[in-house]
Amino acid sequence: PIFWTLAIEFQYYLLIALTFSWINSDLWWKRATWIVVMAAINIALPDNRFIFNYISPFILGFVAYYLMIKRLSKWEVLPYILISFWLMMQYFGRDWAIAAFFAFFFIYFVQGVSKWLDWLGEISYSLYLTHGLSGGSIIYLLMEQFHEVWQRVLILFIGIAGSILFAWIFYRIVELPAKRWATKF
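Residues numbered from 1 in each chain as written. Predicted model: local features only at pLDDT ≥ 70, side-chain atom pairs only at ≥ 80, totals over all residues. Heavy atoms only, no water.

Engineer: Looking at this model, I keep getting lost on the overall build of the protein chain. Mind explaining?
Structural biologist: Each helix and strand in the protein chain was counted, giving eight helices and zero strands. Along the three orthogonal principal directions, the C-alpha set of the protein chain runs to about 55 × 45 × 35 Å. Taken across its 185 residues, the protein chain has 34% of its residues classed as buried. If you take every contact in the protein chain between residues at least 6 apart in sequence, the share linking residues at least 24 apart comes to 66%. Total accessible area computed for the protein chain in this model is approximately 12200 Å², and 73% of it derives from carbon and sulfur atoms. (Helix = DSSP H or I, 4+ residues; strand = E, 2+ residues; numbered from the N terminus. Buried < 20%, exposed > 50% of the residue type's maximum accessible area, 1.4 Å probe, protein only. Contact = heavy atoms within 4.5 Å. Areas by Shrake-Rupley, 256 points an atom, 1.4 Å probe, with all protein chains shown as cover.)

In structure tokens, the structure reads:
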């Protein structure tokens, strides 16, 4: 069920490759134009099969990144955040906007605070790819056999731990060697 997101991810990388000079520009008007065009396409083409439907959290991610590297002027920040939140509220609802708000502040203000969180960030792509297979399977297999609330909570934590362990193994065996191999090109 999570693999539909790979199509969105592929479109994302393609979009970034084609528009990187606008996103990464030192000229504020190019960045602003990119955001306005992406928002306009999102409004004109609200189809969840395309990256444009999901552009609002990416805009917020760009703002967080550019704030961290001190690339945005202060007057750019608020309009970009407002555009992002407005799109999220329109197409995903309040829960998405709240989650994105917390993610934005977590990413911006909680960097390098915890080695464990840094490590979790390092294996996050492997976790994204494998969590349904590993932790989801653990939860699915055990949940029907236990019915007490405390048992089900414990199963949830076992599933999360299993997901993280499997992702770390996947990272070490698959992702890390693939990254090393890719740097040779």
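Engineer: I keep staring at the side chain of Arg 31 and nothing clicks. Help me out?
Structural biologist: With respect to the helices and strands, Arg 31 occurs in helix α2 (residues 28-44). Within polar-contact distance, the side chain of Arg 31 engages the side chain of Glu 76 at 2.7 Å. Among residues more than four places away in sequence, those in contact with Arg 31 are Trp 22, Ile 23, Ser 25, Asp 26, Arg 71, Leu 72, Glu 76 and Tyr 80. (Polar contact = N/O pair within 3.5 Å; in protein donor to acceptor, adjacent residues only side chain to side chain.)

Engineer: Before we go on, may I ask you to explain the packing of aromatic side chains in this structure?
Structural biologist: To describe a pair of aromatic rings, one takes the distance between the centres and the angle between the planes. One pass over the structure, following the stated rule, counts 14 aromatic pairs. Ring centres 5.3 Å apart and planes at 65° place the aromatic pair Tyr 12 and Tyr 13 in the edge-to-face group. The class for Tyr 12 is buried, based on a relative accessible area of 17%. Through a chain of ring-to-ring contacts, the aromatic side chains of Phe 85, Phe 101, Phe 102, Phe 104 and Phe 105 assemble into a single cluster. If you follow Lys 30 out to its NZ or CZ, it ends over the ring of Trp 22, 5.1 Å from the centre. (Phe/Tyr/Trp six-rings, centres within 6.5 Å; stacked < 30°, edge-to-face > 60°. Lys NZ or Arg CZ within 6 Å of the ring centre and 35° of its normal.)

Engineer: Would you mind showing me how to read the environment of Ser 134 here?
Structural biologist: Its place among the elements puts Ser 134 in helix α7 (residues 124-143). In sequence terms Ser 134 and Ile 160 are 26 residues apart; their C-alpha atoms lie 8.9 Å from each other. Setting aside residues no more than four positions away along its own chain, Ser 134 makes contact with Gly 162, Ser 163 and Phe 166.

Engineer: Just checking my understanding: could you explain the packing of α2 against helix α4 (residues 74-91) for this structure?
Structural biologist: The geometry of a pair of packed helices is captured by two quantities: the angle between their axes and the separation between those axes. Here α2 crosses α4 at 10°, and the two axes come no closer than 11 Å. As summarised for this structure, α2 and α4 are arranged roughly parallel, according to the angle between their axes. Counting all contacts with α2, which are made through Trp 28, Arg 31, Ala 32, Ile 35, Ala 39, Asn 42 and Ile 43, the residues of α4 involved are Trp 75, Glu 76, Tyr 80, Ile 83, Trp 86, Leu 87 and Tyr 91. Here the contact of α2 with α4 is built from residues that sort into eleven nonpolar, one polar and two charged. (Axes fitted to C-alpha atoms, helices over the stretch in contact; angles between N-to-C directions. Parallel < 35°, antiparallel > 145°, perpendicular 65-115°, else oblique. Nonpolar A, V, L, I, M, F, W, Y, C, P; charged D, E, K, R; others polar.)

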